[in-house]
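These are the residues of each chain, in order.
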Amino acid sequence: MNIQNLLQDKIGLLRQYGTLEGPITSIAFDSRAIINGSAFFCIKGENADGHDYIVEAIENGAILIAGTDAGQFEVLSKEYPGCTFILVQDVRYAMAHFSIFFYNHVHESLQTIGVTGTNGKTTVATFVRSLLNQLDVPAGSIGTNGICSSKGQITFKKSTPTTPEAPDLHHIFQLLSEEQDQAAVMEVSSIAVDQKRVEGIHFDIAIHTNLSSEHLEYHKTFEHYKEAKMKLFKQASRSIINYDDEGMGRDLINEAQGEVLTYSLKTTSGADLIADKIHVTEEGTSFELVYQNRSYIVHSPVFGDYNVANLLTAIGVGIFNGFNIETMLPALARIENPAGRFQVIDQYGERKIILDYAHTPVALENLIEEAKKLDHRKLIVMIAGIGIRDFNKMPLMAKTIEGKADKIVVTVDHPGFYDPKKIVNQVMTGFSDQTASNIYTSLTREEGVITSLELSGNDDIVILTSGCINGAQIVKGKEIPHSDEEIIQDYFSEISYIGEDTVGTL
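Let me sum up the structure you'll find in this document.

## What to know about the pairing of strand E23 (residues 472–475)
When E23 meets strand E24 (residues 478–481), the two strands line up antiparallel, connected through 4 bridges. Its bridge partner being in E24, Ala 472 is matched across the sheet by Pro 481. The turn joining E23 and E24, which pair antiparallel and follow one another in sequence, is formed by 2 residues; a positive phi near 50° is taken by Lys 476.

Take a look at the structure:
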């Protein structure tokens, strides 16, 4: 890799100390991931500053250091004359463009599809990937549920839960390209946009699902959160926008660049794609699709009006790829659903257990509304306070579920560095009656799942909301392996049924 070619690229270089001798072998922002010949970028995070780990990075083999501390570079460049130090205006901006250069602009060989929104990103990414693959457009996906090529799951340790840091992201693009994929659909979080992880990528298609309050622990204000979301559409050629979203749908329609497709669940909206006459069964949903003054009947194994809306975004991607509705109908009937999104488990007695990532008030409300359409006796719902998210949101989850379930279990998800009891107490403040006999608490997610199952019987629905990131619970900076499905399986393998109204005893 020729450093001079890199420096001619746009990375915001202010000054260079030393001349790079050897080739760059990798890009790292964690000194522990350095190998011989690495470029190390000094990222300032919430709990650490990469500038404090420069010496460790050099000792581990880094030969190029990028950062913003001129004084430190002046000193270290004399102590380590074999290393090259580049002073940049913005480390994340430089790292993104360095990554693009390092991976030879591989993202440009793929159709890039970015999905953003408070809720539904994972579902939309899964729907789009599934539809494109069935239409013989090999597609991979990047997001909360991991990395997939058109051929299946790729083992890759992501640097963040949703949108990877720029070096990892472009590495993944390289892996998808090697798998002969033609498209990459990825979840793009507001934090990812703000932290320039997708800087330098011009997306072929940007998809908007919805906007409600979230990530205020990071953005501080709702306006900053919204601005970050909207930036994605300024770096996209075409957009698919939720006409019904009051959060920013109309703003995007007015400001989005290039060709726009809108979608709606309202027949009077005037949107390009409209779903009407939605009918839910135990097997999925059927609806009338209206596009360009023609109607089509769609049958699909999805549940909930909000997932019908998510499905419309995939149809929009199909249209942008030149496919007609008739061609897509068979694929929509076989659309793949993401794990943990209205995932129904029904092999344990005459009950339904639903796993759903719903972790915002809006998502929870939509989920409960749709679940109640299924036949049931009692509804047991587990909600969680998430220690790595906004504490102000926690009471809103309680307000949303109060009065809408027969039994409510309050637990903890990803406590982080917080005392689980503090998190549970914060959620509980949202109930008007914290002493209600139908509210139960637990200090671990595992305990919460078990409590929810113990409260259930035949013909009941148990909903386990929120959920794990990458099969783990984040506790004091460490990822502790966790699986709701394994807990459920272990629970039922150890009990014996003793009657219709109870699940048994251990």
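The discussion continues.
## As for the pattern of salt bridges
According to the stated counting rule, one finds 19 salt bridges in the structure shown. For Arg 197, the salt bridge goes to Glu 165, with nearest N and O atoms at 3.8 Å. Here Arg 197, found in the loop between helix H7 (190–194) and strand E11 (203–208), pairs with Glu 165, found in the loop between strand E9 (152–154) and helix H6 (166–178); they are 32 residues apart in sequence, far enough to count as distant. A relative accessible area of 8% means that Glu 165 is categorised as buried. The salt bridge partner of Glu 288 is Lys 277, with a shortest N-O separation of 3.4 Å. One end of the pair, Glu 288, is in strand E15 (residues 285–291); the other, Lys 277, is in strand E14 (residues 273–280), with 11 residues separating them in the sequence. Salt bridges sharing common partners tie together Arg 15, Glu 74 and Lys 78.

## Focus on unusual backbone geometry
Residues other than glycine seldom take positive phi values, yet His 105 does so here, at roughly 55°. Backbone geometry places Gln 292, a non-glycine residue, at a positive phi of 50°. By the element assignment, Gln 292 lies in the loop between E15 and strand E16 (294–300). Since its relative accessible area comes to 58%, Gln 292 is described here as exposed.

## Remarks on the nonpolar core
By size, the foremost hydrophobic cluster in this structure holds 46 residues, and its most contacted members are Ile 24, Phe 41, Phe 98, Phe 173, Met 186, Val 198 and Phe 203. If you tally residues by element for this core, the top one is helix H4 (residues 91–102), at 5 residues. Membership of the second largest hydrophobic core comes to 40 residues, among which are Val 137, Phe 287, Val 302 and Leu 311.

## Some points on the packing of helix H5 (residues 121–134) against helix H11 (residues 305–320)
Viewed as axis vectors pointing N to C, H5 and H11 meet at an angle of 45°, and their least axial separation amounts to 9 Å. Considering their axes alone, H5 and H11 lie oblique with respect to each other. In terms of crossing hand, the pair formed by H5 and H11 is right-handed. Mapping the contact onto sequence places Thr 123, Val 124, Phe 127, Val 128, Leu 131 and Leu 132 in H5 and Asn 307, Asn 310, Leu 311, Thr 313, Ala 314, Ile 315 and Val 317 in H11.

## Points about empty space enclosed by the protein
Tallied over the entire structure, the rule returns 2 cavities of 30 Å³ or more. For the second largest cavity, the calculated volume is near 40 Å³. If you trace the second largest cavity, you find it lined by Met 230, Phe 233, Lys 234, Leu 252, Glu 255 and Ala 256.

## Considerations on the environment of Ser 130
Inspection of the secondary structure puts Ser 130 in helix H5. For the pair Ser 130 and Ser 149, spaced 19 residues apart in sequence, the C-alpha separation works out to 11 Å. When near neighbours in sequence (up to four residues on either side) are disregarded, Ser 130 contacts Arg 334, Ile 335 and Glu 336.

## Details of the sheet that holds strand E5 (residues 84–88)
One open sheet accounts for 5 strands, arranged E1-E5-E4-E3-E2; its pairing is mixed. Both edges of this open sheet fall to strand E1 (13–17) and strand E2 (26–28), since each of them pairs with a single strand only. The sheet shows a mean angle of 20° between the axes of neighbouring strands, taken without regard to direction. In terms of strand pairing, strand E4 (residues 64–67) meets E5 through 4 bridges, oriented parallel. Bridge pairing in E5 places Ile 65 opposite Phe 85. Together, E1, E4 and E5 form the strand contacts of helix H3 (residues 70–79), whose direction differs from that of E5 by roughly 170°.

## Let's talk about H6
Quick reminder: α-helices carry 3.6 residues per turn. Residues three or four places apart thus point the same way. Helix length check: H6, at 13 residues, gives a terminal C-alpha distance of 18 Å against a target of 18 Å (1.5 Å per residue), a fit within 8%. Listed as buried for H6 are Ala 166, Pro 167, Asp 168, Leu 169, His 170, Ile 172, Phe 173 and Leu 176.

## Let's talk about a negative patch on the surface
A contiguous patch of negative charge, built from Glu 446, Glu 447, Glu 485, Glu 486, Asp 490 and Glu 494, is present on the exposed surface. Only helix H16 (445–454) and helix H17 (484–494) provide two or more residues apiece to the negative patch. Tallying contributions element by element places H17 first for the negative patch, with 4 residues. Mapping Glu 446 onto the fold places it in helix H16.

## A closer look at the sheet that holds strand E8 (residues 146–149)
Sheet architecture is open: 11 strands sit in the order E9-E8-E7-E10-E6-E11-E12-E13-E14-E15-E16, paired in mixed fashion. Both edges of this open sheet fall to E9 and E16, since each of them pairs with a single strand only. The sheet shows a mean angle of 20° between the axes of neighbouring strands, direction not considered. Note that strand E12 (residues 236–242) and strand E13 (residues 259–264) share 5 bridges and pair parallel. The residue bridging Asn 242 from the neighbouring strand is Tyr 263, located in E13. Lying on the sheet, H5 is in contact with strand E6 (111–116), strand E7 (139–143), E8, E9, strand E10 (183–187) and E11; it crosses E10 at an angle near 170°.

## Some remarks on the environment of Ser 269
Mapped onto the secondary structure, Ser 269 falls in the loop between E13 and E14. The class for Ser 269 is buried, based on a relative accessible area of 12%. Once residues within four sequence positions are removed from consideration, Ser 269 is found in contact with Tyr 243, Asp 244, Ser 264 and Ile 274. Of note is the side chain of Ser 269, whose polar atom sits 2.9 Å from the backbone oxygen of Lys 266.

## A look at the packing of aromatic side chains
Enumeration according to the criterion identifies 9 aromatic pairs in this entry. Consider the rings of Phe 73 and Phe 85, whose centres lie 5.3 Å apart with planes at 55°: the pair is tilted. Here Phe 85 lies in strand E5 and Phe 73 lies in helix H3, a separation of 12 residues in the sequence. Judged by relative accessible area, which is 0%, Phe 85 ranks as buried. On the numbers, 5.1 Å between centres and 90° between planes, the contact of Tyr 491 with Phe 492 is edge-to-face. For the residue pair Tyr 491 and Phe 492, the accessibility class agrees, reading buried in each case. Three or more aromatic residues joined by ring pairs form one cluster here, namely Tyr 17, Phe 73 and Phe 85.

What counts as what
Residues numbered from 1 in each chain as written. Predicted model: local features only at pLDDT ≥ 70, side-chain atom pairs only at ≥ 80, totals over all residues. Heavy atoms only, no water. Pairing = 2+ DSSP bridges. Helix = DSSP H or I, 4+ residues; strand = E, 2+ residues; numbered from the N terminus. Salt bridge = Lys/Arg side-chain N within 4 Å of Asp/Glu carboxyl O. Buried < 20%, exposed > 50% of the residue type's maximum accessible area, 1.4 Å probe, protein only. Core = buried A, V, L, I, M, F, W, Y, C linked by side-chain atoms within 4.5 Å. Axes fitted to C-alpha atoms, helices over the stretch in contact; angles between N-to-C directions. Parallel < 35°, antiparallel > 145°, perpendicular 65-115°, else oblique. Left-handed = near helix turned anticlockwise from the far one by under 90°. Contact = heavy atoms within 4.5 Å. 1 Å grid on protein atoms, 1.4 Å probe; cavity = no way out; pocket = protein on both sides within 12 Å on 5 of 7 lines; lining within 4 Å. Points joined across faces, edges and corners; volume = space filled by probe spheres on them. Expected span 1.5 Å × (residues − 1). Patch = residues over 30% accessible without salt bridge, like charges linked within 9 Å, V, L, I, M, F, W, Y side chains within 5 Å. Areas by Shrake-Rupley, 256 points an atom, 1.4 Å probe, with all protein chains shown as cover. Lys, Arg positive; Asp, Glu negative; His and termini not counted. Charge placed at Lys NZ, Arg CZ, Asp CG, Glu CD. Polar contact = N/O pair within 3.5 Å; in protein donor to acceptor, adjacent residues only side chain to side chain. Phe/Tyr/Trp six-rings, centres within 6.5 Å; stacked < 30°, edge-to-face > 60°.

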